[in-house]
Amino acid sequence: MLTPRTTLARRVTAALDASPSRIPVLVGGCGSGRTTVLRQLRERLGRTAVQHIDVERTATTPERFLHAVTSVSPFPVSDPSAHQAGARAAFDTTLAFFSRARTPASETATFFLDEFLELRTFESFPGLRRVLHDVIDGLAASGNRFVLTSRYVARTLRVLREHSARFEVIHMPALTAEDTADILGPTAAPGGGDNDAHDADFLARTVQALADGRPIYVRALADELAALREHGGPGGGDAISALAGLLAPEGRLAKQCEFSYELRLHRARGYGALKAILEILADEEGLTLTEISHRLQRTPGSTKDYLSWLEDVDLVMSRQKRYTFTDPLLRVWVRLHCRASAPSDDDLAREVHRYAMPRLPAQTDAPPAPPAEPVFAMAGGPAPGPSSGIIEID
């Protein structure tokens, strides 16, 4: 069966193997599996042919970044002392290395730039005001192969929209019920009979729905269910109880949501006002700009700016001029934890029940149809067309 995950791997491989090669750009939220895909691709292509660079961890100064890249590269480095140069010179040397590097067998080199937007860190240095534009232009002109990733979908689309047709934006797909069943494994069907198979299918669809198809949430629920079953607890097959435990103050998903919440807010402007808007939307989603501005007690103009900054880091989205959380489980976390005191057990049970009930699949539901092939769409509009260069895959 063709799943979104296997389709994604084929798309990336096909882009790299094209002549000239395209540059896949994997975009998706925290825990969507971008880095996992890069690691799998690296094993498939061979470690001596690929360099995987964690830009988020190494983008400090241009000089130190150059040293971090070249000191562990599987590709020969012509001038290993170049990291001693100034900021602009070090940055230019890094771009030249990306463009001209070859494998020890003098073949085309492949670079994976994980969280490539973090290169914006260098824009605070003299002479480096257009870092991302320079990087994108440099990669597009290179004969080498690249795969980029970013957790910031809106920013990535905006940065690439006016640039080379060589970039191919690919959205990380949500897990299907079948993917979820594979992750649940024996947790879902401990026996193997017909009834167990039916229960396993229902549990997989329940976990997939509660996790919104997000891999990091599915994995946490699968591990919690396995732990409950191993210890013989009454909630061994109860995904709702497992979710409540994971969202408790010290729970695994509570910590994951806190990380995503703080990381994105710190990458945006207007920290305090943005938190206030998220609390407003946690109380009631689907509000218009005017309704939010009234609750925030700010002008519609300033509120529109705040909302655009939240959209810029993918915390909220707008449909038909009404705003909602991009991640529905993060909304539950805000309702539970963005308050003066820690949530009680009753608070956890109430909020998780409120979140879960509309999402639970019916016991009589048939398994969903196999997913369709991902569709190509232009980044600048809803339908494909010849005028825009970037291809976006949903």
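Worth saying up front: this structure is predicted, and the values here are computed from it rather than measured.

Engineer: For the pattern of salt bridges, give the residues involved together with the corresponding values.
Structural biologist: Opposite charge on two side chains permits pairing when their charged atoms draw close. Counted according to the given criterion, the structure contains 27 salt bridges. Across the pair Arg-219 and Asp-223 runs a salt bridge, and its minimum N-O distance is 3.8 Å. Of the two residues, Arg-219 and Asp-223 are both situated in helix 10 (residues 215-230); the distance of four residues between them amounts to about one turn of the helix. Under the relative-accessibility criterion, Asp-223 is labelled partly exposed at 33%. The residue Asp-314 makes a salt bridge to Arg-264 at a minimum N-O spacing of 3.8 Å. With Asp-314 in the loop between helix 15 (300-312) and strand 6 (316-319) and Arg-264 in helix 12 (residues 252-266), the pair connects residues that are 50 residues apart, well separated along the chain. Each member of the pair, Asp-314 as well as Arg-264, is classed as buried. Overlapping salt bridges, with partners in common, bring together Arg-34, Glu-56, Arg-57, Glu-115, Glu-118, Arg-151 and Arg-267 in one network.

Engineer: Outline the packing of aromatic side chains, listing residues and values.
Structural biologist: Centre-to-centre distance and the angle between the planes together describe a pair of aromatic rings. Scanning all chains against the criterion turns up eight aromatic pairs. When the ring of Phe-75 is compared with that of Phe-111, the centres are 5.3 Å apart and the planes differ by 75 degrees; the resulting orientation is edge-to-face. Remark: Phe-111 occurs in strand 3 (residues 110-114) and Phe-75 occurs in the loop between helix 4 (62-71) and helix 5 (87-100); sequence separation between them is 36 residues. Phe-111 matches Phe-75 in its accessibility class, with the two residues each being buried. Between the aromatic rings of Phe-97 and Phe-98, the centroid separation amounts to 6.5 Å while the plane-to-plane angle is 45 degrees, which identifies the pairing as tilted. Relative accessible area serves as the criterion here: at 10%, Phe-97 is assigned to the buried category. For Phe-98, a relative accessible area of 3% gives the class buried. Members of the aromatic cluster, each reached through a chain of ring pairs, are Phe-75, Phe-97, Phe-98, Phe-111 and Phe-146. Stacked on the ring of Tyr-152, the Lys or Arg Arg-155 has its end atom at 5.6 Å from the ring centre.

Engineer: Tell me about helix 2 (residues 34-45), residues and numbers included.
Structural biologist: Taking 1.5 Å of rise per residue, twelve residues should cover 16 Å, and helix 2 covers 17 Å from first to last C-alpha, within 8% of that figure. Listed as buried for helix 2 are Arg-34, Val-37, Leu-38 and Leu-41. Along the axis of helix 2, the buried positions cluster into a sector of 100 degrees, meaning they face one direction only. The outward face of helix 2, more than 90 degrees from its buried face, is lined by the exposed residues Arg-39 and Gln-40. Phi for Gly-46, located one or two positions after helix 2, is positive at around 105 degrees.

Engineer: Before we move on, can you summarise unusual backbone geometry with the specific residues and values?
Structural biologist: In the segment running from Ser-19 into Pro-20, the intervening peptide bond is cis, with an omega of -5 degrees. Along the chain, Pro-20 turns up in the loop between helix 1 (4-17) and strand 1 (23-27). The residue Ser-106 is not glycine, and still its phi comes out positive at about 65 degrees. With respect to the secondary-structure elements, Ser-106 resides in the loop between helix 5 and strand 3. By relative accessible area, which is 61% here, Ser-106 ends up exposed.

Engineer: Account for the side chain of Arg-335, naming residues and giving values.
Structural biologist: Its place among the elements puts Arg-335 in helix 16 (residues 328-337). Within the structure, the side chain of Arg-335 is placed 2.7 Å from the backbone oxygen of Ala-282, a separation counted as a polar contact. Sequence-distant contacts of Arg-335, defined by excluding residues within four places in its chain, comprise Ala-282, Asp-283, Glu-351 and Arg-354.

Engineer: Can you break down the packing of helix 10 against helix 11 (residues 239-246) residue by residue, with the values?
Structural biologist: Between helix 10 and helix 11, whose axes approach to 9 Å, the crossing angle comes to 110 degrees. It follows from the interaxial angle that helix 10 and helix 11 lie roughly perpendicular. Counted together, Ala-220, Leu-221, Glu-224, Leu-225 and Leu-228 of helix 10 and Ala-239, Ala-242, Leu-243 and Leu-246 of helix 11 form the full contact between these two elements. Of the residues belonging to the contact of helix 10 with helix 11, the class tally is eight nonpolar, no polar and one charged.

Engineer: Please give an account of the confidence of the model for the protein that cites residues and values.
Structural biologist: For the protein, per-residue confidence averages 86 on the pLDDT scale, and 86% of positions sit at 70 or higher. The weakest mean pLDDT in the protein belongs to strand 8 (residues 376-378) at 38; the strongest belongs to strand 7 (residues 322-325) at 97. The low-confidence segment residues 372-388 (pLDDT under 50) makes 32 contacts with residues lying over four places distant or belonging to another chain.

Reading guide: rules and limits
Residues numbered from 1 in each chain as written. Predicted model: local features only at pLDDT ≥ 70, side-chain atom pairs only at ≥ 80, totals over all residues. Heavy atoms only, no water. Salt bridge = Lys/Arg side-chain N within 4 Å of Asp/Glu carboxyl O. Helix = DSSP H or I, 4+ residues; strand = E, 2+ residues; numbered from the N terminus. Buried < 20%, exposed > 50% of the residue type's maximum accessible area, 1.4 Å probe, protein only. Phe/Tyr/Trp six-rings, centres within 6.5 Å; stacked < 30°, edge-to-face > 60°. Lys NZ or Arg CZ within 6 Å of the ring centre and 35° of its normal. Expected span 1.5 Å × (residues − 1). Arc of directions from axis to C-beta. Polar contact = N/O pair within 3.5 Å; in protein donor to acceptor, adjacent residues only side chain to side chain. Contact = heavy atoms within 4.5 Å. Axes fitted to C-alpha atoms, helices over the stretch in contact; angles between N-to-C directions. Parallel < 35°, antiparallel > 145°, perpendicular 65-115°, else oblique. Nonpolar A, V, L, I, M, F, W, Y, C, P; charged D, E, K, R; others polar. pLDDT = per-residue confidence, 0-100.

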